[in-house]
Amino acid sequence: MLFSLSLLLFIVVFAIIQCAEADELLHRKLAKEAAEKELQEFVQLLKSAKAMPSETKPPKSSWMVEENIRHKIESLESYAIDDCKNDDQKKTAGTILRAMGLVKTASSAVNLLIDIGYFPVHVNLDLLKFNIPTDHSDEIISAAESLLSESSDSDEIDRKDLTHLKVYAIDVDEADELDDALSATRLQDGRIKIWIHVADPARFVQPGSIVDRCGREAMRRGTSIFLPTATYPMFPEKLAMEGMSLKQGEICNAVTASVVLHSDGSIAEYSVDNSVIKPTYMLTYESASELLHMNLEEEVELKILSEAATLRLQWRQQQGAVDTATIETRIKVANPEDPEPAINLYVENQADPAMRLVTEMMLLCGEVIATYGSRNNIPLPYRGQPQSNIDPIRHGILGIPGYVQFTSPIRRYMDLLAHYQVKAYLRGESPPFSAGQLEGMASILNMHSRVAKRLFSSSLRYWILEYLRRQPKERKYRAMILRFIKDRTAALLLVEVGFQASTWVSVGAQIGDEVEVRVDEAHPRDDALFLKEVI
């Protein structure tokens, strides 16, 4: 009897297990079928979107409405920028690409997302990869507006009135905010006196203030990012433009470094003050160079600035400075979301008189601030040395005894740190940051700066290649031979576009010679350019 009961119990348990296993198998089968159906439906969505004309493709937001679709599209995006958060994303993206008949590569994912209209044709993958913030949060914008309406000037009574000076602000024509401006005169003894006026954003943003505290946004960004397609400012645009920026014909707060030069270009005297100025001219480099060329008597101050720049360059070269002036390509892309946006390319010569003038004055300001900080024991973020060393060391390449970036506080947080330190000293207060704190902050800011430079460089290369891709096949380019890489394969500088590339050149051509080349192929997305010498 006991045996029969045990057998019966065994049979019942076995049946239950079998039933459970059958249910599990059925559940898996149904789940697999549902997943396959879901995949096929998603694939059909992709194929439908691919087939649509570009102007009728579904907007990016439409792919984010349903959870299962959003998960798949985000997996593809992460795969495209090589930033999958987990194995599930990678597996999902791979399954989709395989179902679409595509190879499992990041390039395939990018092209698919472009084909369905999720990515624009000229998507900047680095912006996505580095998770660059392209907008400011509502909280930061609100805080910025409050600062504009409520801020007071704690340095007002100590500001030196320099509104009588003629003030030149010289920058690229697309500059959104202006950080610096210049004045000059010739003293009775023949020496040149220069004033380098720098915008004073620290009037609005003190260390630990609301704009800094809201996620320490300015510190987190570290720098404004300038791309051919857009500018992503360190500060909210309204605060930067309406409050911080220097403006033509308006009374502006500034921090001014005034310098008297010896006849050889070295510094004879200097001072640093909070100031009030009234910018006279807002000039582009081109218009400033034209004014210099015209040699107008009424613009003698600009001529004096140019003379000072020449003296400074000669003095720095005598100290061992390396002249790094070269040509630089600038590109502005209108409507970058369009498949064929307008590309405006021009090449700047860094040795242009106006560019040389501004460069020398910015370096002069950096030397003055470094010297001022050293003599007054102000911890500053000196360039090219450990931040904990308060005494500046010689900057060999620039040929100056010390250097602190100071002239772009609206665009670079490192410059703003120097402003905080100097302005505290001017008020008779202790600097807000110790040398050790500056060292820690500088390491983070330098990382941001490297990312910004990489973003600019990669974006510039992409758009130069896109520009070359669109040019007529028969167009010829002047190319200077820079060096030989191997045998007759030479590194070239395409003079008209300021771009380096390589190709085979004929026997007899030497370094420094110019040859003519044509563009065989240009592939911006693959960063590839193929040239052929015209013989």
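In the annotation of an unreviewed UniProt entry, the entry for the protein chain reads RNB domain-containing protein, and the organism field reads Fagus sylvatica.

Engineer: Before we move on, can you summarise the packing of aromatic side chains with the specific residues and values?
Structural biologist: Taken as a whole, this structure holds seven aromatic pairs when the rule is applied. Their ring planes at 80° and their centres at 6.5 Å tell us that Tyr-270 and Tyr-372 sit as a pair that is edge-to-face. With Tyr-270 in strand 8 (residues 267-277) and Tyr-372 in helix 12 (residues 353-375), this pair connects stretches of sequence that are 102 residues apart. For the pair Tyr-462 and Trp-463, a centre-to-centre distance of 5.3 Å together with 80° between the ring planes defines the contact as edge-to-face.

Engineer: Go over the side chain of Asp-126 with me, naming the residues and quoting the values.
Structural biologist: Following the sequence through the fold, Asp-126 ends up in helix 5 (residues 125-129). With no salt bridge to any partner, buried Asp-126 finds its closest opposite charge in Arg-454, at an N-O distance of 4.3 Å. Of the polar contacts made by the side chain of Asp-126, one reaches the side chain of Ser-458; its length is 2.9 Å. If we ignore the near neighbours within four places in the chain, the residues touching Asp-126 are Arg-454, Leu-455 and Ser-458.

Engineer: Run through the sheet that holds strand 16 (residues 528-533), naming residues and quoting values.
Structural biologist: Spatial strand order, 14-13-12-15-16: five strands in an open sheet with antiparallel pairing. In this open sheet, the two edge strands, each paired with only one partner strand, are strand 14 (499-504) and strand 16. The mean inter-strand angle of the sheet, taken between neighbouring strand axes irrespective of direction, is 50°. With six bridges connecting them, strand 13 (residues 489-494) and strand 14 associate as antiparallel partners. By the bridge assignment for strand 14, Ala-490 is matched with Thr-503. Together, strand 12 (477-486), strand 13, strand 14, strand 15 (514-523) and strand 16 form the strand contacts of helix 14 (residues 435-470), whose direction differs from that of strand 15 by roughly 100°.

Basis of the calculations
Residues numbered from 1 in each chain as written. Predicted model: local features only at pLDDT ≥ 70, side-chain atom pairs only at ≥ 80, totals over all residues. Heavy atoms only, no water. Phe/Tyr/Trp six-rings, centres within 6.5 Å; stacked < 30°, edge-to-face > 60°. Helix = DSSP H or I, 4+ residues; strand = E, 2+ residues; numbered from the N terminus. Buried < 20%, exposed > 50% of the residue type's maximum accessible area, 1.4 Å probe, protein only. Lys, Arg positive; Asp, Glu negative; His and termini not counted. Salt bridge = Lys/Arg side-chain N within 4 Å of Asp/Glu carboxyl O. Polar contact = N/O pair within 3.5 Å; in protein donor to acceptor, adjacent residues only side chain to side chain. Contact = heavy atoms within 4.5 Å. Pairing = 2+ DSSP bridges. Axes fitted to C-alpha atoms, helices over the stretch in contact; angles between N-to-C directions.

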